[in-house]
Amino acid sequence: MYNFEKMKEATQLMMEAVGVQNDEHSKETPDRVAKMGEILYQTDKDPKDYIKLFPKGSQEVVMQKEIPFYSFCAHHHLPFYGKAAIMYAPNETNIGLSKLARITRHFSKGFTTQEQLTKDVAEFIYSSELKPKGVVVIIDSTHTCMTIRGVRAPGVQTRTKEVQGEINPETLNQFWLYVGNPSSFGY
Ligand SMILES: [Zn+2]
């Protein structure tokens, strides 16, 4: 559960550690950062609420790509961001198309790693009431902890993939072609 007061205190401490002057620009900063934290780190609701089922149409698979997300790496607390692509092979039911983006956003809140995020989204969808035959999640991302510190390698993009359940190789190949090469995230 997000603790607003603690975040305010932590921000104040960080400013002291860095030696930020308490001038007109920064005197409201602990409050601002704590408010921002509610948006960046707090997960809004139980992701199971996104699983509202509809009778299946005739489609064999549902594919969606270019799902934007923003997250923070658990190792350095710096942002990483990019695009997710999700495919599932339905059994008896579908979920609303917008829910794939909502599920991705849910698991990207707070501090995680790209590998964990990819697994969390795939596992959640696969084990949900949707009960699909299989799920594939591909995530392409840029990590600012690799661009502004450490190896300082701007432009590096990382792709992760997670498969849960049964997806036949031909379908997997179609999805791979559909997703294509990582698009540029502005670098
Ligand atoms: Zn990192």
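Cut-offs and rules
- Residues numbered from 1 in each chain as written.
- Predicted model: local features only at pLDDT ≥ 70, side-chain atom pairs only at ≥ 80, totals over all residues.
- Heavy atoms only, no water.
- Patch = residues over 30% accessible without salt bridge, like charges linked within 9 Å, V, L, I, M, F, W, Y side chains within 5 Å.
- Areas by Shrake-Rupley, 256 points an atom, 1.4 Å probe, with all protein chains shown as cover.
- Salt bridge = Lys/Arg side-chain N within 4 Å of Asp/Glu carboxyl O.
- Helix = DSSP H or I, 4+ residues; strand = E, 2+ residues; numbered from the N terminus.
- Buried < 20%, exposed > 50% of the residue type's maximum accessible area, 1.4 Å probe, protein only.
- Pairing = 2+ DSSP bridges.
- Phe/Tyr/Trp six-rings, centres within 6.5 Å; stacked < 30°, edge-to-face > 60°.
- Lys NZ or Arg CZ within 6 Å of the ring centre and 35° of its normal.
- Expected span 1.5 Å × (residues − 1).
- Polar contact = N/O pair within 3.5 Å; in protein donor to acceptor, adjacent residues only side chain to side chain.

**Q** Explain a nonpolar patch on the surface here, please?
**A** Together, Met14, Val18 and Val20 make up an exposed nonpolar region whose accessible area comes to about 310 Å². Of note, Met14 is situated in helix H1 (residues 4-18). For Met14, a relative accessible area of 55% gives the class exposed.

**Q** Before we go on, may I ask you to explain the pattern of salt bridges in this structure?
**A** Side chains that differ in sign of charge can pair as their charged atoms come close. Taken as a whole and assessed by the stated rule, the structure comprises six salt bridges. When the shortest N-O distance is used, the salt bridge between Lys119 and Glu123 registers 3.4 Å. Pair noted here: Lys119 and Glu123 are both in helix H4 (residues 114-127), with a separation of four residues, about one helical turn. Taking relative accessible area as the criterion, Lys119 reaches 35% and is therefore assigned partly exposed. For Glu129, the salt bridge goes to Lys131, with nearest N and O atoms at 3.7 Å. When its relative accessible area of 49% is taken as the criterion, Lys131 is described as partly exposed.

**Q** What am I meant to see in the pairing of strand E6 (residues 134-143) here?
**A** Two faces make up the sheet, and in a regular strand the side chains alternate between them. With respect to burial, E6 is a largely interior element, 10 of its 10 residues being buried. Burial of E6 is two-sided: the residues Gly134, Val136, Ile138, Asp140 and Thr142 facing one way and the residues Val135, Val137, Ile139, Ser141 and His143 facing the other way are all buried. In terms of strand pairing, strand E3 (residues 79-89) meets E6 through 10 bridges, oriented antiparallel. Paired with Gly82 across the two strands is Ser141, which belongs to E6. As judged from the eight bridges shared by E6 and strand E7 (residues 158-165), these two strands associate in the antiparallel manner. Each bridged residue has a counterpart across the sheet, and for Ser141 the counterpart in E7 is Thr158.

**Q** Would you explain the packing of aromatic side chains in this entry?
**A** Each aromatic ring pair is specified by the distance between its two centres and by the angle formed by the two planes. Enumeration over the complete set of coordinates arrives at seven aromatic pairs. Plain terms: the ring middles of Tyr70 and Tyr81 are 6.1 Å apart, the flat faces sit at 25° to each other, and that makes the pair stacked. Taken as a pair, Tyr70 in strand E2 (residues 62-73) and Tyr81 in strand E3 lie far apart in primary sequence, 11 residues in all. We classify Tyr70 as exposed; its relative accessible area is 64%. The interplanar angle of 50° and the centroid separation of 5.5 Å between the aromatic rings of Phe107 and Phe124 together place this pair among those described as tilted. Here Phe107 is found in helix H3 (residues 98-108), whereas its partner Phe124 is found in helix H4, with 17 residues between them in sequence. Members of the aromatic cluster, connected to one another through ring pairs, are Tyr41, Phe72 and Phe111. Between the NZ or CZ atom of Lys65 and the centre of the ring of Tyr178, over which it lies, the distance is 4.7 Å.

**Q** Help me out: how do you make sense of H1 in this one?
**A** Helical geometry note: an α-helix holds 3.6 residues per turn, so side chains three or four residues apart project in the same direction. Here H1 contains 15 residues, and its C-alpha end-to-end distance of 21 Å stays within 8% of the 21 Å for a straight helix at 1.5 Å per residue. Capping the start of H1 is the job of one residue whose side-chain oxygen sits 3.2 Å from the backbone nitrogen of Glu5: Asn3. Positive backbone phi, approximately 85°, marks Gly19, located one or two places after H1.

**Q** I would appreciate a short explanation of the sheet that holds E7 in the present structure.
**A** Each strand in a sheet pairs with its neighbour through backbone hydrogen bonds, running either in the same direction (parallel) or in the opposite one (antiparallel). With mixed pairing, the five strands of this open sheet are ordered in space as E5-E2-E3-E6-E7. If you trace the sheet from one side to the other, it starts and ends with strand E5 (111-112) and E7, each paired once. Alignment of E2 against E3, held across nine bridges, turns out to be antiparallel. Paired with Ser71 across the two strands is Phe80, which belongs to E3.

These values are about where atoms sit, not about what they do.
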